[in-house]
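So the chains spell out like this:
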Amino acid sequence: MEYQNNEAIINLSNGVKIPTISHLNYDLTDNSKFEEFINYLQKTYPTIFENLNFRRINNYGILLEFKGSNDSLKPILFTAHYDVVNIDKNTINQWKYEPFSGAIEEGYIWGRGALDDKASVFAYLEAIKLLLQENYEPSRTLCFAFGQDEEVGGTQGACEILKVLKEEYGEFEMTLDEGGEIEEDKNGNLSAGIGICEKGRIIATIKIEQEGGHASRPSKNYSTINLANFIKELHKNQMKQILTPALCDYLDSTYNNYDTWTKFLIKNKKIFKNILLKKLSGDKSTDAMTRNTMAITILKASDTINVIPEHVEATIDIRLLPGQTIDYVKNHLEKVAKRSIKGAKFEIQIDSNGLPQVISSKNSDMYTILEKEIKQNFGNIEVVPVMVLGGTDSKNYEVLSKNVFRFLPIILTDEEGSKMHSTNENIKCDKYLKMIDFYKNLLKNNF
């Protein structure tokens, strides 16, 4: 009950109750919920919207500008998003509390978006509110960009906000988004990861056309068999491993965490690169840092039980290492398809709204500021540069700054982190309040 009357907790809880679900097909998006959310923010934080310059970009993108006192200093961009992924209708009954209840129970706020990423939006706003009460005035101009479609690529949100920021400011000293976080292992040890880059994302669809027929008279090699063969062959033939500069930074920074043999391989990684990469492939997280990953997520075939379909397809979610190209991926898919698909026509389609390329330096002044604030707010914990495996709006803002970092100031166990995009998403109340403290201290002490 200690959090039931906490204003900051209640504000986030009420924000979670508004189902701002984004869809790849924008025609399915209920824009009235996004309108409701923006109105709620204005009603909840009137002082912020009165004192900061507020603009709506492309209807539902939110841009707040906190004017700095020194125009000679480059501005800072803080980004977050308030859209959320949809609820799997097959898992609704597995939620402990309703998916958009915003329930404040058991020391948590429950609901889709509580962690990803409305917590960031509200933590920024709570921090700004507290600073305004202290008559804080930043030296640099601080911009806060809250997108409405990060979960589906950011083309209507971040990409449109970018156009405004690029025209009006040109260059920023730093952009900060979600991404890395503070991980807590089973022994209670903490390690903070600042994302210095992220993997790109492309969606590939393979479509197979082949003569169908009645299910009672199947041929030896029909459409769904061809699709199954392709999937099996693709899984066997992963794209090659690469020892990227970002991975080298990560391994060097976490050197002391490994056993003697792994330390030897890291220390001599140029000589024993292949052996090191093979060892890293044994864990799904470190393996994902070494290669472009491919996950088959959507399958389409017949809608009728007794019909062999003439058209089948599979959608593949592919995450690319920095510097990788769409052509390389498409060539890989085509080679696999030619080997595995027999007696049928196939087509591979690629969809991408741009691939991130920037790897920011861990030796920059801005990285040092983040590292310092992490240690001051969370104790003298290990801080390491990481490659963010998921996608963020940061990729859309890369052209604005050479310092593009991704960090969510929250301590998460593996179990808590796994709730993102999943059943029973929640955020622990005391950890959310710590997020507010971090953002307040970051702004007040450095900008």
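See the structure shown above.
We now turn to the structure provided with this report. Position labels on residues start from 1 in each chain and follow its written sequence. At least 70 in pLDDT is required for a residue's local features to be given in this predicted model, at least 80 for side-chain atom pairs to be given and counted, and no such filter applies to totals for whole chains, interfaces and linings, which use all residues. Side-chain metrics in this entry use all non-hydrogen atoms of the structure; hydrogen atoms and water are not considered.

1. Overview of the sheet that holds strand β17 (residues 426–428)
Quick reminder of the rule: Any two strands with at least two DSSP-identified bridges between them are counted as paired. Secondary structure counts use DSSP, requiring at least four H or I residues in a row for a helix and at least two E residues in a row for a strand, with both numbered from the N terminus. Here, residues are in contact when the closest pair of their heavy atoms is within 4.5 Å. For helices, the fitted axis covers only the stretch in contact; all axes are lines through C-alpha atoms, and the angles between them, taken along N-to-C directions, range from 0 to 180 degrees.
The 3 strands are arranged β4-β5-β17 in an open sheet whose pairing can be described as antiparallel. Two strands in the sheet have a free side with no partner beyond their single neighbour: β4 (104–105) and β17. Taken together, the 2 bridges between β4 and strand β5 (residues 108–110) define a ladder with antiparallel strand orientation. Opposite Ile104, over in β5, you have Ile109 as the bridge partner. In this fold helix α15 (residues 429–446) packs onto β4, β5 and β17, with an angle of close to 75° to the strand it touches most, β17.

2. Some thoughts on the packing of aromatic side chains
Test applied: Centres within 6.5 Å are what make two rings of Phe, Tyr or Trp a pair, Trp counting through its six-membered ring; a difference in plane orientation under 30 degrees is then read as stacked, over 60 as edge-to-face, and the rest as tilted. Here the term buried applies to any residue with accessible area under 20% of the maximum for its type, exposed to any over 50%, and partly exposed to those in between, with areas from a 1.4 Å probe on protein chains only. Only when the NZ of Lys or the CZ of Arg is both within 6 Å of the ring centre and within 35 degrees of the ring normal is a charge said to sit over the ring.
Inspection of every chain in the model, using the stated rule, returns 23 aromatic pairs. Ring geometry for Tyr40 against Phe122: centres 6.2 Å apart, planes inclined by 45°, an arrangement best described as tilted. Remark: Phe122 occurs in helix α4 (residues 118–133) and Tyr40 occurs in helix α2 (residues 31–44); sequence separation between them is 82 residues. Given the relative accessible area of 0%, Phe122 is considered buried. Here the basic side chain of Lys434 rests over the ring of Phe378, its NZ or CZ set 5.6 Å away from the ring centre.

3. Description of helix α8 (residues 260–267)
What counts here: Directions pointing from the helix axis toward each C-beta atom define the arc. In protein, a polar contact requires one atom able to donate a hydrogen and another able to accept it; more generally it is a pair of N or O atoms within 3.5 Å, and residues adjacent in sequence count only if both atoms are side-chain atoms.
Inspection of α8 places Thr262, Leu265 and Ile266 among the buried residues, and these make up the whole buried set. Down the axis of α8, the sector holding all buried residues measures 100°, keeping them to one side. Away from its buried face by more than 90 degrees, α8 exposes Thr260 and Lys267. The inward-facing, buried residues of α8 abut α7 (245–253) and α9 (273–280). Of the residues that open α8, the one with a side-chain oxygen 3.2 Å from the backbone nitrogen of Trp261 is Asp259.

4. Brief notes about the nonpolar core
Defined as follows: Residue types Ala, Val, Leu, Ile, Met, Phe, Trp, Tyr and Cys, when buried and joined through side-chain atoms within 4.5 Å, form a set referred to as a nonpolar core.
Counting residues in hydrophobic clusters, the biggest one holds 75 residues, and the most contacted among them are Phe78, Phe144, Phe146, Ile427, Tyr432 and Phe447. Sequence-distant contacts of Ile427, that is, excluding residues within four places in its chain, are made with Leu12, Gly107, Tyr108, Ile109, Ala114, Leu115, Ala119, Ile410, Tyr432 and Met435.

5. A word on α4
To keep things clear, this is the line we draw: Helix span is expected to be 1.5 Å times the residue number reduced by one.
A rise of 1.5 Å per residue sets the reference length of α4, with its 16 residues, at 22 Å; its end C-alpha atoms lie 23 Å apart and thus fit the reference within 8%. Among the 16 residues of α4, 14 are classified as buried, and the element is accordingly described as predominantly covered. Asn135 sits one or two positions beyond α4 and adopts a positive phi of about 60°.

6. Description of the sheet that holds strand β11 (residues 293–300)
The strands making up a sheet are joined through hydrogen bonds of the backbone, oriented either antiparallel or parallel. An order of β11-β13-β9-β14 is seen for the 4 strands of this open sheet, with the pairing classed as antiparallel. In this open sheet, the two edge strands, each paired with only one partner strand, are β11 and β14 (345–351). Neighbour to neighbour, the strand axes of the sheet diverge by 20° on average, direction disregarded. Pairing analysis gives 10 bridges linking strand β9 (residues 200–209) to strand β13 (residues 311–320), with the strands arranged antiparallel. Within the sheet, the bridge partner assigned to Thr205 lies in β13 and is Thr315. Across the face of the sheet, helix α6 (residues 223–236) comes into contact with β9, β11 and β13 while running at roughly 15° to β13.

7. With respect to unusual backbone geometry
The omega torsion of the bond from Asp116 to Asp117 falls at 5°, within 30 degrees of zero and hence cis. Secondary-structure assignment places Asp117 in the loop between β5 and α4. The residue Glu106 is not glycine, and still its phi comes out positive at about 60°. By the element assignment, Glu106 lies in the loop between β4 and β5. Unlike most non-glycine residues, Asn135 shows phi in positive territory, near 60°. Position of Asn135 among the secondary structure elements: in the loop between α4 and β6 (142–147).

8. A closer look at the packing of helix α12 (residues 365–378) against α15
We apply this condition: When describing relative orientation, an angle under 35 degrees is termed roughly parallel and one over 145 degrees roughly antiparallel, while 65 to 115 degrees is termed roughly perpendicular and anything else oblique. Left-handed describes a crossing whose near helix is turned anticlockwise from the far helix by less than a right angle; the clockwise case is right-handed. Classification used: nonpolar for Ala, Val, Leu, Ile, Met, Phe, Trp, Tyr, Cys and Pro, charged for Asp, Glu, Lys and Arg, polar for all others including Gly.
Packing of α12 against α15 brings their axes to within 10 Å, and their N-to-C directions diverge by 135°. Compared by their axis directions, α12 and α15 come out oblique. Two packed elements cross with a definite hand, and for α12 against α15 that hand is right-handed. Between α12, through Ile369, Leu370, Lys372, Glu373, Ile374, Gln376, Asn377 and Phe378, and α15, the contact on the second element is made entirely by Lys434, Asp437, Phe438, Asn441, Leu442, Asn445 and Asn446. For the contact of α12 with α15, the class distribution of residues is 6 nonpolar, 5 polar and 4 charged.

9. Here we look at the environment of Tyr97
For Tyr97, the position within the fold is in the loop between β3 (76–81) and β4. When the C-alpha positions of Tyr97 and Thr423 are compared, they lie 10.0 Å apart, and in sequence the two are 326 residues distant. Once residues within four sequence positions are removed from consideration, Tyr97 is found in contact with Ala103, Glu105, Glu106, Trp110 and Asn424. A polar contact is formed between the side chain of Tyr97 and the side chain of Glu106, at a distance of 2.6 Å.

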